[in-house]
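Residue-level structural notes
Letter by letter, the chains look like this.
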Amino acid sequence: MQQVRDIVIVGGGTAGWMAAAAFAKVLGTQTHSITLIESDEIGTVGVGEATIPPIMQFNALLGIDEDEFVRETNATFKLGIEFIDWRKPGSSYFHPFGTFGANITGGVGFMNYWLRWVQSGGDPDFTRFIAEGQAAREGRFARVPAPQDGQLPRLNYAYQFDAAAYAAYLRRFSERRGVTRSEGRVVDVEQNTETGYIEAVKLADGTRVAGDFFIDCSGFRALLIEGVFKAGFDDWSHWLPNNRAAAVPCERVEDPTPFTRSTARESGWQWRIPLQHRTGNGYVFSDSYISEDEASRLLLDRLDGRPLADPKILRFTAGKRRRGWVKNCLAVGLSSGFLEPLESTSIHLIQVAIMKLFELFPLREINPILIDQYNRETDALYDHVRDFIIAHYKVTDRDDTPYWHYCRNMTIPDSLAAKLELFRERGEPRTSPSELFRETSWFAVLYGQGLIPRSYHPVANALSEDELQLALASIRTAIRHRVDSLPSHADFLERCCSARPTATAA
Amino acid sequence: MSRRIEQIVVVGADAPAWMAAAALHSSLGGAGIRVRVIELPTLLQPVDAYSALPELGGFLYRIGLEEQLLFNICKAVPIAGQRFSNWSGAAPPFLHGYDRPPPPGAGLGFTQLWIKGRQKGLRTAFENFFLGAMAAKAGRVPVAVQGDELRATFGYNIDASAYSALLRHFTVQGGVESKAARVADVETDGDRITAIVLDDGERVEADLFVDASGPQTVLIGRMPGAEFESWRQWLPCDRMLVASGKALRPLPGFSQISAFRQGWLGLFPLQDRTAVTAVYDSGEISDKNMLDNLSTLANLPIGGDAVVSSLCQGARRRTWVGNCVAIGESAFSLEPLDAVQLHIAHFCISQLMTLFPVEAGAFPEAELYDRIIRRAAINLRDFQAAHYKLNRRFDMPLWDRCRDAALPETLQRKLDNFTARGRIPLNDDETFEEQAWESLLIGHGVMPQSYDPRVDALPEQDHIALTQARLNDIVGLVDGMASVDEFIAGADSQSQKEAEAFG
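All values reported here derive from a predicted model rather than from experimental measurement.

**Here we look at the sheet that holds strand E17 (residues 278-285) of chain A**
Residue and element names in this part refer to chain A.
- Ordered by their spatial adjacency, 7 strands build an open sheet running E6-E5-E15-E16-E17-E14-E18, and the pairing between neighbours is mixed. Looking at which strands have only one partner, the edges of the open sheet turn out to be strand E6 (92-96) and strand E18 (312-315). The sheet shows a mean angle of 20° between the axes of neighbouring strands, taken without regard to direction.
- Judged from the 5 bridges that link them, strand E5 (residues 80-84) and E6 form a sheet pairing that is antiparallel. Considered in E6, the bridge of Ile-81 is made with His-95.
- Strands in contact with helix H7 (residues 292-301) are strand E14 (244-251), strand E16 (268-274), E17 and E18; relative to E14, the strand with the most contacts, it is inclined by about 25°.

**A few points about the sheet that holds strand E1 (residues 7-12) of chain B**
Residue and element names in this part refer to chain B.
- If you walk across this open sheet you meet the 6 strands as E8-E2-E1-E12-E21-E20, and the pairing is mixed. In this open sheet, the two edge strands, each paired with only one partner strand, are strand E8 (177-180) and strand E20 (320-321).
- Note: E20 against strand E21 (residues 324-326), 2 bridges, orientation antiparallel. From the neighbouring strand, Trp-320 faces E21, where its bridge partner is Val-325.

**Some details on the domain arrangement of chain B**
Residues and elements named next belong to chain B.
- When its domains are assigned, chain B resolves into domain 1 (7-77 + 158-232 + 313-378), domain 2 (96-152 + 381-479) and domain 3 (239-310).
- Of note, the centres of domain 1 and domain 2, computed from C-alpha atoms alone, are 33 Å apart.
- With 13 residues of domain 1 at the contact, the number on the domain 2 side is 11 residues.
- Among the secondary structure elements, those contributing two or more residues to the side of domain 1 that touches domain 2 are helix H8 (341-354) and helix H9 (366-389).
- Among the elements that make up the side of domain 1 that touches domain 2, the one with the highest residue count is H9 (5 residues).
- Tallied by class, the residues present in the side of domain 1 that touches domain 2 amount to 9 nonpolar, 1 polar and 3 charged.

**With respect to the confidence of the model for chain B**
- Mean pLDDT over chain B works out to 94, with 96% of the residues at or above the 70 mark.
- Taken together, the chains of this predicted complex give a pTM of 0.94 and an interface ipTM of 0.91.

Cut-offs used in this document
- Residues numbered from 1 in each chain as written.
- Chains lettered and ligands numbered in written order.
- Predicted model: local features only at pLDDT ≥ 70, side-chain atom pairs only at ≥ 80, totals over all residues.
- Pairing = 2+ DSSP bridges.
- Helix = DSSP H or I, 4+ residues; strand = E, 2+ residues; numbered from the N terminus.
- Axes fitted to C-alpha atoms, helices over the stretch in contact; angles between N-to-C directions.
- Contact = placed C-beta atoms within 7 Å.
- Domains from an automatic or database assignment.
- Nonpolar A, V, L, I, M, F, W, Y, C, P; charged D, E, K, R; others polar.
- pLDDT = per-residue confidence, 0-100.

Here it is as structure tokens:
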């Protein structure tokens, strides 16, 4: 095989344009040709999207100015996710970006000291010890410089934005850098008779687009990775039974919150993602427990603003493509698997696929060793995220509907069962550096969902009561100072990066 | 009814046992947990030395022991890297220096740039671009002024008996009770130890027993499911000879590991002597011949104090059974190569501390401990096995066998990935991170075939300028460092007072 020069991306949308933009920036269009095929006839799934902090690395790779990005995509800032009614009706907790508390001399994690404090009567509202959670609760936000002296906590954040606007923005970015966009539908694929590699795709109008490497961003259709290569699909609906989402935007009725809200419902959950100009909403559910019509009706009933469209139904199956990379084809986005947007991981999974592809991208021959490695690392990433999402359903007191009865009683993967067991015994949410969600995330979600550890690390007992009180007080004070110094989220948006009215209209 | 742990008994000898006792006591003593050591007869000889990784400094800091005491009392020498020679025919020696990883988010590692540079005709060796390696080569100690991207640190060569005695003194002074004895019997009930019986008849009970007895595995060796799994097929040497020669002047900044026909020879500089270790295959050379050849191989007169022992590289299948936890070489045992000896104990102790049981009941922590220790052991084994596998010493039975041996899948994957793309797929619980693996593999002659395409985004002129600047920065930083002798003299005067306190 020759040098890999011509890259063909099949499908636009968030995944396709993220891939195109990254390729255009990193490989450039002098040595490589980059063609993206998309059809205006085929809709994209993108609704309001919430993200997690690593998106910043992606934007930094592209060299995108943050204020411009926020303006162009009508974005708001996101400090975490508020979970309502998940443990039981009436309950709520916050899953923040950031760290829980701060280091206390002694060498064990903060949560052990906190657990000791709570077990002796302290306030179990852990949000008070997380700057992001406290700021979110008060509707405040600002970009704060990383502390030099370690005295004040930092503030980790991501964005909530209009995914269609992001894709459009990245399309402009890509086309300016020489990416070719071909309008059309792929109707046929030519493969090399010996190697099985894809050599070209044919469009409905007869155009033939040849390439050395193909990126399948065709969404659930998975035209190439499944249609051509039969890569296989691991169906995870036993653990994640939701298979539908009804989505609808509504009018903005209040200042946008610097967080996403997820509310557990009778047969699933409802998202609320505030953008600058409107609010995204959706009901993610299982059609075994509630009909599409009923879910749509309930969603409309529960909006806090006037709906701006009719609810759109998305149909999916939770799971992962068995091999995301086969021969000269890589699946990116929904073609590579689907996990519901409960922890805002969709765009992150796109980003990781693209970044991993760079690390392993063939300069010449496509090396099966690197393909195996890609698939191995992607499996591990998906498994971790999957376990984390399952935990939200498994760990709950809710038993009030058949749906929740199923979730709390379902069997779970062994990897997750072991994690829950250790957390129950000693509040230890051990994670490895390769996992996306780390200790604070696991702690917040498991504790918030009602898994209260029976004990904590014995080293936490080595501190005297006075020392413990003092340490906790000084952490709370630092958080208080940090949060008090912040403007409201709405003011910050207004000052720094509010969308021009023209951008809103587009 | 479960209750909290009150009594821990550590059974073992020498540094690993005292490190375990000191760590447990300093963290848990304040929480009312008592630690007692049953001190077995020492396994050390006066010639023995420990070669330790930089993390030992952090361990000492955590238990509250001054690092300077190593230099003042334990004849220690700061070591910025390991130098490997004669592993690959005519290929030059290479250094594995203790560079610190670049800060997170620093982008593409330098290695990718180097690979492309190499393909474009760059002839400068990989190690020249790493601060630790260059400090080691220059006999300097990487401390004080360092760059943002270029940071290195040092490990230690230590007199084993002096270090063990120092730890013992420190631990006992700190309030840990100890008793010198042998274990006559271990009473068990299913998979739990109810008591150990000492040779004087005393019956010792505890909530948790820590086996720090090294290869003797006095406790874990008797537990169900903890059979020994040998790794001889990848680490073929079965004998070790330790001796000493005179001190090197000036003191070098590295330990020297040279391959020879039947094994490898290590020269570990100490302040008062050079510890000489030969690790070899007894099927290829007898102990007597080894001893006869030692001076010639080491290029150093060897004292008459040589000691021979056997090696058994491998791991216990389970390392935490019931209320018995194995640490150090009771858990798994490797070669005295890459400075991992004390690290094995340190790593196990750290994991035991992290997972220290909250109750003296069912120990749900055991399974995770087992898993972590096994992963770490395999990662370390693979690092050592790579030296053997990648040798280029042809027509010598031991080395031919090693080259032909099938590798563990874990190591094969690393090798394949590195060959294809210069990328090391790290596992969980790796001791050695990317740069260490890269030094190892490139040093042994593995040359990646391709690099990350993001490197091509850098114009060639910038690439060359960046490469040159890195070399210059390193030279400048190394120039500013103290020599090993100067460093030791400085540490010496600083720690005079502490030393007096220990007599």
